[in-house]
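# Structure at a glance
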Amino acid sequence: MPLSEHEQRLFEQIERSLAEDPKFASAVRASDPRFHARRRLLLAAAVIIAGLALVVFGTVNKTPLLGVAGFVIMLGAAAFAMQSHRKGQQPDLHVVGGTASRRTRARRSGLLDRLEERWKQRPEGHR
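Procedures and definitions
Residues numbered from 1 in each chain as written. Predicted model: local features only at pLDDT ≥ 70, side-chain atom pairs only at ≥ 80, totals over all residues. Heavy atoms only, no water. Helix = DSSP H or I, 4+ residues; strand = E, 2+ residues; numbered from the N terminus. Buried < 20%, exposed > 50% of the residue type's maximum accessible area, 1.4 Å probe, protein only. Contact = heavy atoms within 4.5 Å. Areas by Shrake-Rupley, 256 points an atom, 1.4 Å probe, with all protein chains shown as cover. Phe/Tyr/Trp six-rings, centres within 6.5 Å; stacked < 30°, edge-to-face > 60°. Lys NZ or Arg CZ within 6 Å of the ring centre and 35° of its normal. Salt bridge = Lys/Arg side-chain N within 4 Å of Asp/Glu carboxyl O. Axes fitted to C-alpha atoms, helices over the stretch in contact; angles between N-to-C directions. Parallel < 35°, antiparallel > 145°, perpendicular 65-115°, else oblique. Left-handed = near helix turned anticlockwise from the far one by under 90°. Nonpolar A, V, L, I, M, F, W, Y, C, P; charged D, E, K, R; others polar. Polar contact = N/O pair within 3.5 Å; in protein donor to acceptor, adjacent residues only side chain to side chain. Expected span 1.5 Å × (residues − 1). UniProt positions renumbered as here; feature names shortened; annotations may be inferred.

### Description of the overall build of the chain
Check the secondary structure of the chain and you find five helices and two strands. Taking all 127 residues of the chain together, 9% fall into the buried category. In the chain, of all internal contacts separated by at least 6 residues, the share reaching a separation of at least 24 is 41%. For the chain, the computed accessible surface area is about 10,900 Å², with 64% contributed by carbon and sulfur atoms.

### Notes on the packing of aromatic side chains
This model, assessed by the stated rule, comprises zero aromatic pairs. The ring centre of Trp119 lies 3.6 Å from the NZ or CZ of Arg122, which sits over that ring.

### Things to note about the pattern of salt bridges
Throughout the structure, instances matching the rule amount to one salt bridge. Where Glu116 meets Lys120, a salt bridge forms, and the shortest distance between an N and an O atom there is 3.3 Å. In this pair, Glu116 and Lys120 are both assigned in helix 5 (residues 105–120), four residues apart and thus about one turn of the helix distant. You can call Glu116 partly exposed: its relative accessible area is 41%. Since its relative accessible area comes to 52%, Lys120 is described here as exposed.

### Let's talk about the packing of helix 3 (residues 33–60) against helix 4 (residues 64–89)
Taken N-terminus to C-terminus, the directions of helix 3 and helix 4 make an angle of 165°; their axes are 8 Å apart at the nearest point. When the interaxial angle is binned, helix 3 and helix 4 end up roughly antiparallel. Regarding helix 3 and helix 4, the two cross each other, and that crossing is left-handed. The class makeup of the residues in the contact of helix 3 with helix 4 is 18 nonpolar, seven polar and three charged.

### Notes on the environment of Ile73
For Ile73, the location among the structural elements is in helix 4. Owing to a relative accessible area of 35%, Ile73 belongs among the partly exposed residues under this scheme. Note: C-alpha distance between Ile73 and Ala50 (23 residues apart in sequence) is 8.3 Å. Apart from residues lying up to four places away in sequence, Ile73 is in contact with Val47, Gly51 and Leu54.

### Focus: the side chain of Arg122
Within the fold, Arg122 resides in the segment after helix 5. At 2.7 Å, the side chain of Arg122 forms a polar contact with the backbone oxygen of Trp119.

### Section: helix 4
End to end, helix 4 covers 38 Å across 26 residues, agreeing with the expected 38 Å (1.5 Å per residue, within 8%). Where helix 4 is buried, its residues touch helix 3.

### Remarks on the UniProt feature "transmembrane region" (unreviewed entry) in the chain
Residues given the UniProt feature "transmembrane region" (unreviewed entry) here are residues 41–59 and 65–82. Between the first and last C-alpha atoms of residues 41–59 the distance is 27 Å; the span itself is 100% helix and 0% strand. For residues 65–82, helix accounts for 100% and strand for 0%, while the C-alpha atoms at its two ends are 26 Å apart.

If you want it as structure tokens, here you go:
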């Protein structure tokens, strides 16, 4: 349903006033899950670089334990980065009745329903 001209003007005025408010902009940015995911990705990249430096330092000093520790740190940081990237790609939280929840249960129950349906439809000779 299109807005009337008066409603459009009011909406544009509200947008301008909200865009000029730095406290509001920082509050919205702070609650954005993509912002946090991006920050976690940058942290993971820094830790991967530090782990690589440990691997190189351990190799140069002929300390295999230090090189292995650096590799484990790099591996953990890469796993953290992949998890953060997935969280950044997921849809935002949905507030229902005052509680926030992600829509993951429906996907699981759908999978279980399909598996149960396939089990029921299997040929008679395989029971």
